[in-house]
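Coordinate inspection notes
Now for the letters of each chain:
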Amino acid sequence: MAILIWASLPLAAHATQTETGVDFYIDTYGAIDPSQNARVALAHQVFEQVEAAADKSGRRTPRLVVIDGATDAWAIALPSGHIVLSRKGLDLCFKEADRDLAKARLAFILGHELAHLAHDDYWHNEVESFLSRSPDTQKIAHFLDQSFEAREAELAADDQGYLYAAIAGYPVARLIDTPGGKTDFFTFWMQQTQARITSSHPFPEDRAALIRERLNMLEEKAAFFDMGVRLAHFGRCADGMYFLREFQQVFPGPAVLNNLGVCALQLARQEMSEAQAHFYWLPFLLDVDTRAPRTREAIPGSTPTHRFLKDFQADNRQVLNRLKEAANYLEQAVKAAPDYLPAHLNLAAAQLYLGRPHQARATLAEALNLAPEDRRAKMLDALALYEQSDAGIDLWPAAVQRLETLDGDMPSAWRYNLARLLEIRPRSGEASIHWNRLAQNAARLPAPFRKTVCIRQSLKPAGDCLESAPTSAAKDLPWRWPVTTEGAFPLTPTLRSRLFREWEAIPFDWYRAKLYGFIHRSPDRRAAVMEMDQYIQLQVIKTKLPLSVQQLPKFCPQPLTKRRLLSGELHSCENWAVLVREDQPVEAWWITR
């Protein structure tokens, strides 16, 4: 039933609702056109995002109708799939709230009703049927007081609605995180609607307590996401996927689905030949941020003469299964958050590996609609265009033209892929220019692509090009890790207790994978250490580091490698990496090798 807690709906009006459905509300109150009201337009926008993240019953398509009910604040889910929201309910979301808080309130209300739809939960139909037989107010109150099952349904809808809204990216923690002594959202709603408490609707403090419990659980499980994405960055996806799946169980948001897809792609590439895996330089975007609310090579010397990806036959069943797994995760991420760019780009890469260029271009069309100037999407689209070539149509000239007409500096991946395409036709001289340009900074290229570049460039012997000449002697890092990184030693119970006294210990034990250990988090959450099989595997420092981005190269004996993220960039050196945001180092990661 509605989150409104039945405020003071016109009871006689609801007597005929079961017969007329949404038409009754529209005929009685009038529907508000989103084009005529900015708040209603925003409500529809929020609804679309939350609905994308919500579970579906498969029996109906959820639709939102805002009716011109200015007296009472309410929302209701109908068996037809409609969610009806009164204008007064919409307006209350904006009362004493900034825009972000208003959207969070609205997302939660709509998520609550979508949860009822997803579980075919229409206990209010019993109420309406009763009303049609007995409009007496006292009898109605008594009937509601007997609806104990409805109370449980309301709490479950609260929990699911909160989760849907969080997955959709709204700051729902603000509904209960109320600094300055302000009331939580549930108390606020009751005060504004002057609703009465019945057994069918729990006390506001109980509803807030449930959400706090959910928030605390997400806060703890987020440690698994954090460790999973760090393992993925350092190339340990086989382990990382266990951590990511653990988090997925409680928060199947787009970021965790995206990262699982990236890991499956990486594992598939590890099973491919080097020529298959790195023919193109495809961007794989990890996301280090969940939406969970928180309180706090070709054979050396060979020249390709045909389209590669379309002709690639994945005779290795494990590779094919991994690619399909990746595509499945990424499709789920796109479905959960249609505005989430990384999943679109990664899905297009998976579709290219699967030899599905037409699907890749459809995915990239959505990505370019989200970000028309995104270079990664444009580059992938040019490659997918070429891969669509067949015996009757040659799309190579159009694809090359797109890559050659880039405005501004050409990114390394873009130049690499252009050189690949130029080699396919009698323009190898032009390709050589690009290989030589790439070779000038070969040491900064990822290893597989550096190998291809060094084989094809003509500036110096390939062996010299492949050498990663050390920079000046690296200085000691200007920060301390929580646990010494000098040597490997087992963590006995006594040592563990001494090192992590007063730290939170989050256990994990995946029997089939034989992975067990703890994630240790400091009380202030500014440090974390992952222990696996009694040995330290990962360490994290979360704070502004005492140096600038420009100083980072001084602490690495080789040139740093960089990896773009959705929000920020990772600068990596052997077994450590620094997360940079807005030109400020904000996290440091260390992994054992």
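With that settled, consider the overall build of the protein chain. Within the protein chain, the secondary structure is distributed over 24 helices and 11 strands. Across the 593 residues that make up the protein chain, the buried fraction comes to 55%. A total of about 26,100 Å² of accessible surface is found on the protein chain, and carbon and sulfur atoms cover 48% of it.

All of the buried residues in helix α3 (residues 22-29) are Val 22, Phe 24 and Tyr 25. All buried residues of α3 fall inside an arc of 160° around its axis, so they share one side. Positive backbone phi, at 90°, marks Gly 30, one or two positions downstream of α3.

What follows concerns the nonpolar core. Counting residues in each nonpolar core, the largest one holds 163 residues, and the members touching the most others are Phe 243, Phe 247, Phe 251, Leu 282, Leu 421, Ile 519 and Met 530. Aside from chain neighbours lying at most four places away, what touches Met 530 is Met 227, Leu 231, Phe 243, Phe 508, Phe 518, Ile 519, Tyr 535, Ile 536, Gln 537 and Leu 538. Counting residues in each nonpolar core, the second largest holds 22 residues, with Trp 479, Trp 481, Val 549 and Phe 555 among its members.

Turning our attention to the side chain of His 434. Inspection of the secondary structure puts His 434 in helix α21 (residues 428-439). Only 2.9 Å separates the side chain of His 434 from the side chain of Arg 415, close enough to count as a polar contact. Not counting residues up to four positions away in its chain, the partners in contact with His 434 are Met 410, Arg 415, Leu 418, Ala 419 and Leu 422.

Turning next to the environment of Leu 499. Relative to the helices and strands, Leu 499 is located in helix α24 (residues 493-499). Setting aside residues up to four positions removed in sequence, Leu 499 forms contacts with Val 483 and Leu 491.

A complete count under the given rule lists two disulfides for this structure. Through a disulfide, Cys 454 is tied to Cys 465; the S-S separation comes to 2.0 Å. Note on the Cys 454 and Cys 465 pair: the S-S dihedral is about -70°, so by sign convention the disulfide is left-handed. Residue Cys 454 is found in helix α22 (residues 447-456), and its partner Cys 465 is found in helix α23 (residues 462-466); the two are separated by 11 residues along the sequence. Across the pair, exposure class does not vary: Cys 454 and Cys 465 are buried alike. At a sulfur-sulfur separation of 2.0 Å, the disulfide partner of Cys 556 is Cys 573. Its torsion about the S-S bond being 90°, the disulfide of Cys 556 and Cys 573 is classed as right-handed.

Time to look at the side chain of Asn 258. For Asn 258, the location among the structural elements is in helix α13 (residues 254-271). If we ignore the near neighbours within four places in the chain, the residues touching Asn 258 are Leu 285, Leu 286, Asp 287, Leu 330, Ala 333, Tyr 340, Pro 342, Ala 343 and Asn 346.

If you trace the eight strands from one edge of the open sheet to the other, you get β4-β5-β6-β7-β11-β10-β9-β8, paired in antiparallel fashion. In this open sheet, the two edge strands, each paired with only one partner strand, are β4 (504-510) and β8 (561-564). Each adjacent strand pair in this sheet contributes to an overall mean axis angle of 15°, direction not counted. As judged from the five bridges shared by strand β5 (residues 515-521) and strand β6 (residues 527-532), these two strands associate in the antiparallel manner. Bridge pairing links Phe 518 to Glu 531 in β6.

This paragraph deals with the pairing of β5. On a regular strand, each side chain points to the face opposite its neighbour's, so the side chains alternate between the two faces of the sheet. Burial within β5 is extensive, with five of its seven residues counted as buried. Inspection of the sheet shows β4 paired to β5 by seven bridges, in the antiparallel sense. The residue bridging Glu 504 from the neighbouring strand is Arg 521, located in β5. The hairpin turn running from β4 into β5, its antiparallel successor, is four residues long, and Lys 514 in that turn takes a positive phi close to 55°. Counted between consecutive antiparallel strands, the loop separating β5 from β6 contains five residues, among which Arg 525 sits at a positive phi close to 60°.

A word on the packing of aromatic side chains. Overall, the coordinates contain 22 aromatic pairs when judged by the stated rule. With 5.5 Å between their ring centres and 75° between their planes, Phe 24 and Tyr 25 make a pair best called edge-to-face. Ring centres 5.8 Å apart and planes at 85° place the aromatic pair Trp 281 and Tyr 416 in the edge-to-face group. We note that Trp 281, like Tyr 416, is buried. Among the aromatic residues, ring-to-ring pairing joins Phe 224, Tyr 242, Phe 243, Phe 508 and Trp 510 into one connected group. Seen from the ring of Phe 94, Arg 39 lies directly overhead, with NZ or CZ sitting 4.3 Å from the centre. Positioned over the ring face of Phe 279 is Arg 420, at 4.6 Å from the centre of the ring.

In an α-helix there are 3.6 residues to a turn, and that puts residues three or four apart on one side. Its 14 residues give helix α17 (residues 357-370) an end-to-end C-alpha distance of 20 Å, which sits within 8% of 20 Å, the value for a rise of 1.5 Å per residue. Those residues of α17 lying buried are Pro 357, Ala 360, Thr 363, Leu 364 and Ala 367. Seen end-on, α17 carries its buried residues on one side only, within an arc spanning 120°. Facing away from the buried side of α17 by more than 90 degrees, the exposed set consists of His 358 and Asn 369.

Another aspect to go through is the packing of helix α12 (residues 237-248) against α13. Between α12 and α13, whose axes approach to 10 Å, the crossing angle comes to 160°. With respect to α13, the axis of α12 lies roughly antiparallel. Classified by chirality, the crossing of α13 by α12 is left-handed. Contacts between α12 and α13 involve Cys 237, Ala 238, Met 241, Leu 244, Arg 245, Phe 247 and Gln 248 from the former and Val 256, Leu 257, Asn 259, Leu 260, Cys 263, Ala 264, Gln 266 and Leu 267 from the latter. Looking at the contact of α12 with α13, its residues break down into 11 nonpolar, three polar and one charged.

What follows deals with the pattern of salt bridges. If the charged atoms of two oppositely charged side chains come close together, the side chains can form a pair. Scanning the entire structure with this criterion turns up 25 salt bridges. Of the charged contacts in the structure, one is a salt bridge between Arg 230 and Glu 587, with a shortest N-O distance of 3.2 Å. By the burial criterion, Arg 230 is buried, and Glu 587 matches it. Across the pair Arg 525 and Glu 504 runs a salt bridge, and its minimum N-O distance is 3.4 Å. Separated by 21 residues along the polypeptide, Arg 525 in the loop between β5 and β6 and Glu 504 in strand β4 bring together distant segments of the chain. Among the charged side chains, a salt-bridge network with shared partners connects Glu 219, Glu 504, Arg 521 and Arg 525.

Calculation criteria
Residues numbered from 1 in each chain as written. Predicted model: local features only at pLDDT ≥ 70, side-chain atom pairs only at ≥ 80, totals over all residues. Heavy atoms only, no water. Helix = DSSP H or I, 4+ residues; strand = E, 2+ residues; numbered from the N terminus. Buried < 20%, exposed > 50% of the residue type's maximum accessible area, 1.4 Å probe, protein only. Areas by Shrake-Rupley, 256 points an atom, 1.4 Å probe, with all protein chains shown as cover. Arc of directions from axis to C-beta. Core = buried A, V, L, I, M, F, W, Y, C linked by side-chain atoms within 4.5 Å. Contact = heavy atoms within 4.5 Å. Polar contact = N/O pair within 3.5 Å; in protein donor to acceptor, adjacent residues only side chain to side chain. Disulfide = S-S within 2.5 Å. Pairing = 2+ DSSP bridges. Axes fitted to C-alpha atoms, helices over the stretch in contact; angles between N-to-C directions. Phe/Tyr/Trp six-rings, centres within 6.5 Å; stacked < 30°, edge-to-face > 60°. Lys NZ or Arg CZ within 6 Å of the ring centre and 35° of its normal. Expected span 1.5 Å × (residues − 1). Parallel < 35°, antiparallel > 145°, perpendicular 65-115°, else oblique. Left-handed = near helix turned anticlockwise from the far one by under 90°. Nonpolar A, V, L, I, M, F, W, Y, C, P; charged D, E, K, R; others polar. Salt bridge = Lys/Arg side-chain N within 4 Å of Asp/Glu carboxyl O.

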